[in-house]
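Here is what each chain is made of, one letter per residue.
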Amino acid sequence: LVSGRHVRVTQSLTTTEPIVLPDNFTLEFTTGAGIARAEDAVGAAIDVSADDVTILDAAVLGTNPCSIRNFDPDYYNPAASGHLYSPWKATKDSAGIRWEEDAAVYVRPGAERLLVDGLVAHNLWGDGVTITGGKDIALRDVHVRCAGRSGVSITEGENIRIADASFSGMFWWGLNLE
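Given the structure is predicted, the values throughout are model-derived calculations rather than measurements.

**So, the overall build of the protein**
Looking only at helices and strands, the protein features 2 helices and 15 strands. Expressed as a percentage of its 178 residues, the buried residues of the protein come to 45%. Of the contacts made within the protein by residues no fewer than 6 positions apart, 54% connect residues no fewer than 24 positions apart. Surface exposure of the protein reaches about 8600 Å², of which carbon and sulfur atoms provide 51%.

**Quick word on empty space enclosed by the protein**
In the structure shown here, the tally under the stated rule is 1 cavity of 30 Å³ or more. Residue lining of the largest cavity: 13 residues in total, with Arg-37, Ala-41, Gly-62, Asp-102 and Trp-125 positioned closest to the centre. Classifying every residue of the lining of the largest cavity by side-chain character gives 6 nonpolar, 3 polar and 4 charged.

**Section: the environment of Gly-110**
Tracing the backbone shows Gly-110 in the loop between β9 (105-107) and β10 (112-124). The class of Gly-110 is partly exposed, set by a relative accessible area of 47%. The sequence separation of Gly-110 and Ala-50 amounts to 60 residues, and the corresponding C-alpha distance is 6.4 Å. Ignoring anything within four residues of it in the chain, the contact list for Gly-110 reads Ser-49, Ala-50, Asp-51 and Gly-134.

The rules behind the values
Residues numbered from 1 in each chain as written. Predicted model: local features only at pLDDT ≥ 70, side-chain atom pairs only at ≥ 80, totals over all residues. Heavy atoms only, no water. Helix = DSSP H or I, 4+ residues; strand = E, 2+ residues; numbered from the N terminus. Buried < 20%, exposed > 50% of the residue type's maximum accessible area, 1.4 Å probe, protein only. Contact = heavy atoms within 4.5 Å. Areas by Shrake-Rupley, 256 points an atom, 1.4 Å probe, with all protein chains shown as cover. 1 Å grid on protein atoms, 1.4 Å probe; cavity = no way out; pocket = protein on both sides within 12 Å on 5 of 7 lines; lining within 4 Å. Points joined across faces, edges and corners; volume = space filled by probe spheres on them. Nonpolar A, V, L, I, M, F, W, Y, C, P; charged D, E, K, R; others polar.

As structure tokens, this is what we get:
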């Protein structure tokens with residue numbers, strides 16, 4: 001349903017490219033609706049560099065084969081296994097894809113007044129949320145499980161707040177402040 005600057009997603013959709021949100025926009029997902037990433041997907045599920053954006057109750061399912069059960073830290077430990085990088089990175093890099101941008105939500109410089117209220121993201125190649133810039137960003141009720149990088153990665157930004165978040169099965173960290 002589209003109403004002005006508010007889109008309500010009522011059924012799941014499969015994407016291969018990022019959904020890029022404009023200024024003054026709300027993207028809302030109803031119960032049971034979400035984004036499934038296609039096997040050949042490139043980039044983030046949702047890409048934000050705009051002002052006054054709200055994302056409500058998003059669910060993103062990636063194609064990373066990670067699971068809590070098969071996540072063996074020794075396999076990914078170079079000292080124990082000889083592997084230098086995550087096998088997920090090698091798989092994605094061999095396809096010529098920048099795996100670090102394969103996040104559920106990717107926030108770029110220029111984004112201001114972003115609210116993500118409700119995000120469940122599983123089996124991602126990159127981070128749950130990547131923030132490379134922006135100002136006045138609030139993440140609430142964010143839950144990331146099995147990511148090839150971190151739950152939330154922040155390289156730059158101002159006034160970023162995170163509340164009621166959980167991270168499990170990350171290759172790197174739950175919260176990565178670079």
